[in-house]
Amino acid sequence: MNVTAAARAAGISASGLRWYESMGVLPPAERSENGYRNYTAGDVSRLRLVLTLRRLGLSATEAGRLARETFDGTGSSAELPVALQRQREELARRRADLDWLDGELRDLDATWQATGSHGRNRHRAEPISVLFLCNANSGRSQIGEALLAKIGGDRFRAVSAGGNPSPVSDMAVTVLSEVGIDWRRACSKRVEEVTGPFDYVISLSDSMRETCAALPGLHSTLHWHLPDPARTDGPAEARLAGYRRVRDEVSVRMVPFVELALRTGATQQPASEFKEVFNG
């Protein structure tokens, strides 16, 4: 087949095919008697493999080498599978990053929608009540309660609870003390023990997400999915780092939440003051 037909079969332009050939990625095509290049089905198959490897992130040179060794049988039989597995892992990492970003966008939209629903209470005098939920009420939800109590002050009533409470984590207490919060007297509570009504119910674990909507009373629900720091493997310092990541992530989410909640449900306060409260 001629260059146009071969390029069309591979899904690229004729000039693209010639570029791969000029770079040595493809072997030079045989010439027919009239001097035109003549490509075979094998050439097209090799080019398709090269293009697939390129889409997976390999350079033209690396893709050409692997394709050549695969078709000629000159390379290690394990090299191509290893390269493909490496690319699968990279794609999985990128997919996880995109899923995380999608979750962030959905959480931001939910926060905006939820806080916007309280505009009718803009001039009320009582604090904005917020319930944080996670399964054990030992780490994530305790951190959420503590940070809101510090950042929001007396303009918020922060409460936390869990479906299956266990003692408050010493590591949660430690990472909170690092930002000036004494949480040594905190205790875990069962959902049934906390008193509403609540303006917002925020779940920090997937297992408690449905509980938010099932709670009685009119309230807005948010889901801030965070990994359970208690499941972090490794020595104590690695596990402590897991609690620090949760603390920092909750604080990042908390500042815009507080700002929006106050703007739509109570008195306003500049963002700079929230940051000073947390950093101070």
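For the structure itself, consult the block above.
Residues numbered from 1 in each chain as written. Predicted model: local features only at pLDDT ≥ 70, side-chain atom pairs only at ≥ 80, totals over all residues. Heavy atoms only, no water.

1. Brief notes about unusual backbone geometry
Then, in step 1: Across the junction of glycine 196 and proline 197, the peptide omega takes the value 0 degrees, indicating a cis bond.
Then, in step 2: Residue placement: proline 197 occurs in the loop between α7 (170-177) and β5 (200-203).
Then, in step 3: The backbone phi angle of asparagine 137 is positive, close to 50 degrees, even though this residue is not glycine.
Then, in step 4: Along the chain, the position of asparagine 137 falls in the loop between β3 (128-133) and α6 (140-152).
Then, in step 5: Among the residues examined, asparagine 137 registers a relative accessible area of 0% and is labelled buried. (Helix = DSSP H or I, 4+ residues; strand = E, 2+ residues; numbered from the N terminus. Buried < 20%, exposed > 50% of the residue type's maximum accessible area, 1.4 Å probe, protein only.)

2. Some thoughts on the packing of aromatic side chains
Working definition: an aromatic ring pair is given by the centre-to-centre distance plus the angle between the planes.
Then, in step 1: Per the counting criterion, the structure on display carries five aromatic pairs.
Then, in step 2: Their ring planes at 55 degrees and their centres at 6.5 Å tell us that phenylalanine 132 and tryptophan 224 sit as a pair that is tilted. Here phenylalanine 132 is found in strand β3, whereas its partner tryptophan 224 is found in the loop between β6 (220-223) and α9 (236-265), with 92 residues between them in sequence. The two residues phenylalanine 132 and tryptophan 224 agree in class, both being buried.
Then, in step 3: Ring geometry for tyrosine 200 against phenylalanine 257: centres 5.1 Å apart, planes inclined by 80 degrees, an arrangement best described as edge-to-face. On the criterion of sequence distance, the pair formed by tyrosine 200 in strand β5 and phenylalanine 257 in helix α9 is long-range, its members being 57 residues apart. Phenylalanine 257 shares its class with tyrosine 200; the two are buried. (Phe/Tyr/Trp six-rings, centres within 6.5 Å; stacked < 30°, edge-to-face > 60°.)

3. Examining the nonpolar core
Then, in step 1: Ranked by internal contacts, the top residues of the largest apolar core, which has 34 residues, are Val130, Ile143, Phe156, Met254 and Phe257.
Then, in step 2: Of all the secondary structure elements, the ones that give two or more residues to this core are β3, α6, β4 (156-161), α7, β5 and α9.
Then, in step 3: The dominant element in this core, judged by the number of residues it contributes, is α9, at nine residues.
Then, in step 4: With near-sequence residues (within four places) excluded, valine 130 lies in contact with Leu148, Phe156, Arg157, Ala158, Val159, Phe198, Tyr200, Ile202 and Phe257.
Then, in step 5: By size, the runner-up hydrophobic cluster in this structure holds 20 residues, among which are Val25, Ala29, Tyr39 and Leu66. (Core = buried A, V, L, I, M, F, W, Y, C linked by side-chain atoms within 4.5 Å. Contact = heavy atoms within 4.5 Å.)

4. Regarding the pattern of salt bridges
Then, in step 1: One pass over the full model with this rule turns up 10 salt bridges.
Then, in step 2: Between aspartate 248 and arginine 247 there is a salt bridge, with the nearest N and O atoms lying 3.0 Å from each other.
Then, in step 3: Residue arginine 247 is classed as buried on the basis of its relative accessible area of 8%.
Then, in step 4: Taken together, the shared-partner salt bridges connect Glu178, Glu237, Arg244, Arg247 and Asp248 into one network. (Salt bridge = Lys/Arg side-chain N within 4 Å of Asp/Glu carboxyl O.)

5. Here's the deal with the sheet that holds β4
Then, in step 1: Here four strands make up an open sheet; going across it, the order is β4-β3-β5-β6 and the pairing parallel. Unpaired on one side and paired on the other, β4 and β6 mark the two borders of the sheet. Strand after strand, the sheet turns through a mean of 20 degrees between neighbouring axes, direction not considered.
Then, in step 2: In this sheet, β5 lies alongside β3 in parallel orientation, the contact comprising four bridges. Bridging across to β5, leucine 131 finds its partner in valine 201.
Then, in step 3: Most of the contacts of α6 go to β4, to which it runs at about 170 degrees, and overall it touches β3 and β4. (Pairing = 2+ DSSP bridges. Axes fitted to C-alpha atoms, helices over the stretch in contact; angles between N-to-C directions.)

6. Observations concerning helix α1 (residues 3-10)
Then, in step 1: Those residues of α1 not exposed but buried are Val3, Ala6, Ala7 and Ala10. Burial along α1 is one-sided: seen end-on, the buried residues are contained in an arc of 100 degrees.
Then, in step 2: Packed against the buried residues of α1 are α2 (14-22) and α3 (41-55).
Then, in step 3: Structurally, the start of α1 carries an N-cap: the backbone nitrogen of threonine 4 is 3.2 Å from a side-chain oxygen of asparagine 2.
Then, in step 4: Two residues or fewer past α1, glycine 11 is found with a positive phi of approximately 90 degrees. (Arc of directions from axis to C-beta. Polar contact = N/O pair within 3.5 Å; in protein donor to acceptor, adjacent residues only side chain to side chain.)

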